[in-house]
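# Examining the three-dimensional arrangement
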Amino acid sequence: MMALQFKLEQYPPICGGGSFSYYPFAIPPIGRQRNQSLQAQALPSRTQRIMESISVSGEVGGAGGSYSYDALKRLDQLWSGICSAQTDVLEPQKVVSSVPGLFSQSDVAGKAVETFDVIVCGGTLGIFIATALSCKGLRVGIVERGVLKGREQEWNISRQELLELVEVGIITEDDIEQSIASIFNPNRCGFEGKGEIWVEDILNLGISPAKLIEVMKKRFDSLGGIIFEGDSVSGISIYEDAAVLQLAKAKILSSRLLIDAMGNFSPVVKQIRRGKKPDGVCLVVGSCCRGFKDNSTSDVIFSSSAVKEVGESEAHYFWEAFPAGSGPMDRTSYMFTYVDPHPGCPKLEELLEDYWDLMPNYQVGVSLDNLEILRVIYGIFPTYRGSPLPAAFDRVLQFGDASGIQSPVSFGGFGSLTRHLGRLSAGIYEAINGDLLDSNNLSLLNPYMPNLSASWLFQRAMSAKKESNVSPDFINELLYVNFRSMQRLGDPVLRPFLQDVIQFGPLVKTLGLVMITKPLIIPSIFKQVGVPVLLDWSGHFFMLGYYTFLSTFVDPVIRPLVNAVPAKMKYKWRRQLEAWQYGSGLDYKMSNPNTTKAERGMGTGGEAWAESKSLP
C-alpha cells in the first residue's frame, strides 16, 4: 500500500566524510538579549547543516529526484504558495492553446524538425509508455527537461507488479533481475503500542530506477525512438490534424498525439485545473543511511501512536523503511503525513527536524551518531477528488502522476504505472489507428474509477485535524482495527489492499468485521472525516458495488460481441469494459510467485523469524 514512500544530543551532529562531528556553536538559551536572539535565528537549521555536509550530484527530474538543501527550500516555497489563504492560486500560465485549421497548411508546418505519431513530455515514467507504443510500431519521441536517467533512491514494488511490464513486452525477466537492487522479507505493518502484522512478498523488491530506465532507454532507442534531452516545452498548439510543440530551444515538433507525463506539477495540468488547490497532500521526508546491522526486513507502514503538534498544525506521522541496494548496512526510512493544504501547514524542513528527533526511536537500536547519512529525501504529493483527469484538449492525454491515477493514500506512481500500462498502451494505439483523438474519446482512457475515489475516505481518516475532537490515538487505533480485521479475513482481503487495490467484497467484509468487533469506533469516524465526506464516499461505495456487478456478470455477455461492431463503437466498448474491470479492482490477480530462498529471507533466518511471530 505504501509506496511511497528519530532523539539527538543537545548539540546535533552533522555528517561529514562518513563520520559525525559536532557543529561548532550552540543555540543561545531563551532569555538572552535581543541581538543574540536574532543571531540565533540566523543560524542554519540542523537539516541545513546535515544536507550541506552531504555531497549531492546527479539530481534528476521526477518525484524524489532532488536531494540538495536549495531544492528543499524551493519546494517549501512552492508548498507555502499552495497553502496560501486564497481558495485558488493565481490563474496559471496558458501552455496549451487551440489553433483553427490544419497544421499541414499553416505557415509553421515547414519549420517542424521532426514529426511523430506520439510525443511524450516527461521521460522518467514517460519512457515506459513511449517504449510500449514504439513496440506497436508507432514513431515516438520523448522530450525531457534534463538528462533522462533514474534517481538513486530505489522504487519499492512487488514482483507480481513488475511482471506486468514483461506482459506488455517492453522488458524481459532478465532485465528485471538486473534492475533489482535489494530483496527483503518479511514485511511489517506496525501500529505503535498495539501490535504488528507480518506479510511476505509485499513491496519487497527495491528496484534501481537508474538501471531500469537505462534498460528502457536502450530498448526505446533500438525501436527507433528519439529523445530530446535538456529541452523543455514552452508552448503547445492544437490544430485539427496535429499537436505542435514549441521547445525552449526554438525547435518545433509535431505529432498526432501528445502524452503529458510531466508529473504532479505539470504545467498542462495546472492549466486544466485552473490553479485549484489540491484536495489533499502527502508530505514525505526521509533519508538513506549506512550503519544498520539488522537490515533484512521492511516496514510497509508503521503508524505512530498519537497526533503531534507541528507549528500551527497537527500531524499524524507514518513510517516506511526498507533495506537499500547500495550496501548491506544501508537502509531507507521515510516519515510521511497527510494534510489538507491551508495556512499554517508544516513545511518539509519542519518535518525533517522532527524526523531527526524521532527516527532513532522508530528504528530501535540505532543512534544517529553512528549512522552515515548518504542522502536526504523529501517530496510533496498532491491529489484531487476529480481523478483520474479527463482529457481537456483534443490530442492531449495525461499519463502517470499527471493523470492523478495513483492512489490518494500511497501515491505509488510506479506501481500504478505497471498496473495500467497494458490497457493504456493498447487503448492509445487503438485511438491513433482509428483517429479517435478528440478529448471525448481520449477521456475514455482516464475514466471514473470508483475504487480510486473510495480511497478518499482512508486519506481523510488518516489526516489529523485540530477541530475533529477525537482521541490523539484515534488514527492509530482505527488503522490497527482495520488491519487486524483484514488479517483475520485472510490474504484475499489483505494483499490487494496492501497493493493499492480496493475491491467491493473485501471492503464489505472488512467494514462488517470492524463494526462487529469495535462498534464504539464508529462515532469517532464520523467526527474525524465529517458527514459530507461520508455521504460523498457512500456514492462511490455504491458505484464500486455496481461496477463489480457489471464486470462480473455483464462483461462476459458483452465481450464476445464487441469485435463484431464498427471500429469506433468497438473502441468505446473496450474502454467501458476496462473501466468496469479496473474501477472495481477486478484486474488484480492473486499471485503465487516462485520466489527464491534469498527472496524469502531463508539465508538470513528471516523466514523462520516471521513464522515464529505471533500475530494479533
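Residues numbered from 1 in each chain as written. Predicted model: local features only at pLDDT ≥ 70, side-chain atom pairs only at ≥ 80, totals over all residues. Heavy atoms only, no water.

Looking up the protein chain in an unreviewed UniProt entry gives the name Lycopene beta-cyclase, with the organism given as Rhododendron griersonianum.

### So, the sheet that holds strand β10 (residues 205-207)
The following threshold applies: Only strands joined by at least two bridges in the DSSP assignment are considered to pair. Helix and strand assignments follow DSSP, with helices taken as H or I runs no shorter than four residues and strands as E runs no shorter than two, numbered in order from the N terminus. To get an axis, a line is fitted to the C-alpha atoms, and for a helix only the part in contact is used. The angle between two axes follows their N-to-C directions and goes from 0 to 180 degrees.
One open sheet accounts for 3 strands, arranged β6-β10-β7; its pairing is antiparallel. The sheet terminates laterally at β6 (155-157) and β7 (180-183), the two strands that pair on one side only. Each strand of the sheet is rotated relative to its neighbour by a mean of 30°, with strand direction disregarded. Where β7 meets β10, 3 bridges bridge the pair, whose relative direction is antiparallel. Residue pairing in the sheet places Ile180 in a bridge with Ile207 of β10.

### Quick notes on the sheet that holds strand β20 (residues 330-339)
Operational definition: In this analysis, two residues are considered to be in contact whenever any of their non-hydrogen atoms come within 4.5 Å of each other.
If you walk across this open sheet you meet the 7 strands as β9-β8-β16-β19-β20-β15-β21, and the pairing is mixed. On the outer flanks of this sheet lie β9 (195-199) and β21 (372-383), each paired with one strand and no other. Between one strand axis and the next, the sheet turns by 15° as a mean value, whatever way the strands run. With 5 bridges connecting them, strand β8 (residues 187-191) and β9 associate as antiparallel partners. Along β9, the bridge assignment pairs Asn187 with Val199. The strands touched by helix α3 (residues 69-82) are β15 (280-290), β20 and β21; relative to β21, the strand with the most contacts, the crossing angle is about 20°.

### Here we look at the packing of aromatic side chains
To keep things clear, this is the line we draw: Only centres within 6.5 Å qualify two rings of Phe, Tyr or Trp (six-membered ring in Trp) as a pair; their planes then separate them into stacked at under 30 degrees, edge-to-face at over 60, and tilted for everything else. For every residue, the accessible area (1.4 Å probe, protein chains only) is compared with the maximum for its type, and the residue is labelled buried under 20%, exposed over 50%, or partly exposed between those bounds.
If you walk through the whole model with that rule in mind, you get 22 aromatic pairs. With a centroid separation of 5.8 Å and 80° between ring planes, the pair formed by Phe458 and Phe497 is classed as edge-to-face. Taken together, the positions of Phe458 in helix α13 (residues 456-461) and Phe497 in helix α15 (residues 491-498) put the pair 39 residues apart, joining distant regions of the chain. Across this residue pair, the class does not change: Phe458 and Phe497 are buried.

### Observations regarding the state of the cysteines
Cut-off, in case you're wondering: In plain terms, two cysteine sulfur atoms within 2.5 Å form what is called a disulfide here.
Inspection of the entire model under this criterion finds 0 disulfides. There is no disulfide at Cys288, and the cysteine sulfur nearest it, in Cys289, is 6.8 Å away. With relative accessibility at 0%, the residue Cys288 sits in the buried group.

### Regarding unusual backbone geometry
Following Asn185, the chain continues to Pro186 via a peptide bond in cis, the omega torsion being -10°. Here Pro186 lies in the loop between β7 and β8. The residue after Ser387, namely Pro388, is reached through a cis peptide bond having omega 0°. Counting through the fold element by element, Pro388 comes out in the loop between β21 and β22 (396-398). Phi angles above zero are rare outside glycine, and Asp201 is one such case at about 60°. Tracing the backbone shows Asp201 in the loop between β9 and β10. Residue classification places Asp201 among the buried positions, given a relative accessible area of 9%. Despite not being glycine, Asp500 shows a phi value in the positive range, around 70°.

### With respect to the pairing of β15
For β15, a buried count of 10 out of 11 residues is recorded, marking the element as mostly surrounded by other parts of the structure. Where β15 meets β21, 11 bridges bridge the pair, whose relative direction is antiparallel. Each bridged residue has a counterpart across the sheet, and for Cys288 the counterpart in β21 is Arg375. Of the strand pairs in this sheet, β15 and β20 are connected by 10 bridges, and their pairing is antiparallel. Residue Cys289 lies in a different strand from β20, and its bridge partner there is Arg331.

### Comments concerning empty space enclosed by the protein
Our working definition: In this analysis, the protein atoms alone were mapped onto a 1 Å grid. Cavities are point sets where a 1.4 Å probe fits without being able to get out; pockets are open sets with protein on both sides within 12 Å along at least five of seven lines; lining residues have an atom within 4 Å of a point. Grid points are joined across faces, edges and corners, and a volume is the space filled by probe spheres set on the points. Gly falls in the polar group here, along with every residue not listed as nonpolar (Ala, Val, Leu, Ile, Met, Phe, Trp, Tyr, Cys, Pro) or charged (Asp, Glu, Lys, Arg).
Each pocket or cavity is described by its volume, and for the largest cavity that value is around 90 Å³. Together, Gly263, Asn264, Val269, Arg273, Pro382, Thr383, Tyr384, Ser387, Asp401, Ala402, Gly404 and Gln406 line the largest cavity. Those elements that place two or more of their residues in the lining of the largest cavity are α8 (267-273) and β21. Residue classes in the lining of the largest cavity are distributed as 4 nonpolar, 6 polar and 2 charged.

### Topic: the pattern of salt bridges
Worth spelling out the cut-off: Here, a salt bridge means any Lys or Arg side-chain nitrogen found within 4 Å of an Asp or Glu carboxyl oxygen.
Overall, the coordinates contain 23 salt bridges when judged by the stated rule. As a salt-bridge pair, Asp473 and Lys194 come within 3.1 Å of each other at their nearest N and O atoms. One end of the pair, Asp473, is in the loop between α13 and α14 (474-489); the other, Lys194, is in the loop between β8 and β9, with 279 residues separating them in the sequence. Residue classification places Asp473 among the partly exposed positions, given a relative accessible area of 24%. Using a relative accessible area of 29% as the deciding quantity, one classes Lys194 as partly exposed. For Arg419, the salt bridge is made with Asp587, and the minimal N-O distance between the two is 2.8 Å. Here the residue Arg419 occupies a position in helix α10 (residues 413-433), and Asp587 occupies one in the loop between α19 (567-583) and α20 (606-612), the gap between them amounting to 168 residues.

### Some thoughts on the packing of α10 against α19
Short version of the rule: Working rule for angles: under 35 degrees goes down as roughly parallel, over 145 as roughly antiparallel, 65 to 115 as roughly perpendicular, anything else as oblique. For any helix crossing, the convention is left-handed if the near helix is rotated counterclockwise from the far helix by under a right angle, and right-handed if that rotation is clockwise.
Between α10 and α19, whose axes approach to 11 Å, the crossing angle comes to 170°. By the angle between their axes, α10 is roughly antiparallel relative to α19. For the pair α10 and α19, the sense of crossing is left-handed. For the pair α10 and α19, contact is made by Arg419, His420, Arg423, Gly427, Glu430 and Ala431 and by Tyr571, Arg574, Arg575, Glu578 and Tyr582, respectively. Broken down by class, the residue content of the contact of α10 with α19 amounts to 3 nonpolar, 2 polar and 6 charged.

### What about the nonpolar core?
Applicable threshold: Joining through side-chain atoms within 4.5 Å is the link that ties buried Ala, Val, Leu, Ile, Met, Phe, Trp, Tyr and Cys residues into a set, and such a set is a nonpolar core.
Core analysis: the largest hydrophobic core is formed by 48 residues, its most contacted members being Cys189, Phe318, Tyr338, Phe483 and Leu498. Ile171, Ile180, Phe220 and Ile428 belong to the second-largest nonpolar core, a separate cluster that totals 46 residues.

### Looking at the confidence of the model for the protein chain
Defined as follows: You can read pLDDT as the predictor saying how much it trusts each residue, on a scale of 0 to 100.
Per-residue pLDDT for the protein chain has a mean of 86; in total, 86% of the residues score no lower than 70. Note that pLDDT drops below 50 for residues 36-40; the model gives that stretch 3 contacts with residues more than four away or on any other chain. Here residues 593-616 is modelled with pLDDT under 50, and outside its nearest four sequence neighbours on either side it reaches 39 contacts, counting other chains as well.

### Some remarks on the environment of Leu511
Examined against the element boundaries, Leu511 turns out to sit in helix α16 (residues 504-517). Classification of Leu511 by relative accessible area gives partly exposed; the value is 26%. Sequence separation between Leu511 and Ser485 is 26 residues, and the spatial gap between their C-alpha atoms is 8.5 Å. When residues no more than four places from it in sequence are discounted, the contact partners of Leu511 are Trp537 and Phe541.

### Let's talk about a nonpolar patch on the surface
Filter applied, for reference: Every patch collects residues that have over 30% relative accessible area and no salt bridge, joining them within 9 Å if they carry like charges and within 5 Å if they are nonpolar side chains (Val, Leu, Ile, Met, Phe, Trp, Tyr). Computed with the Shrake-Rupley method and a 1.4 Å probe, the accessible areas treat only the protein chains shown as cover for residues.
On the surface, Phe542, Tyr546, Phe549 and Phe553 cluster together to form a nonpolar patch covering roughly 480 Å² of accessible area. Locating Phe549 in the fold gives a position in helix α18 (residues 531-562). Phe549 gets classed as partly exposed once you look at its relative accessible area, which sits at 43%.

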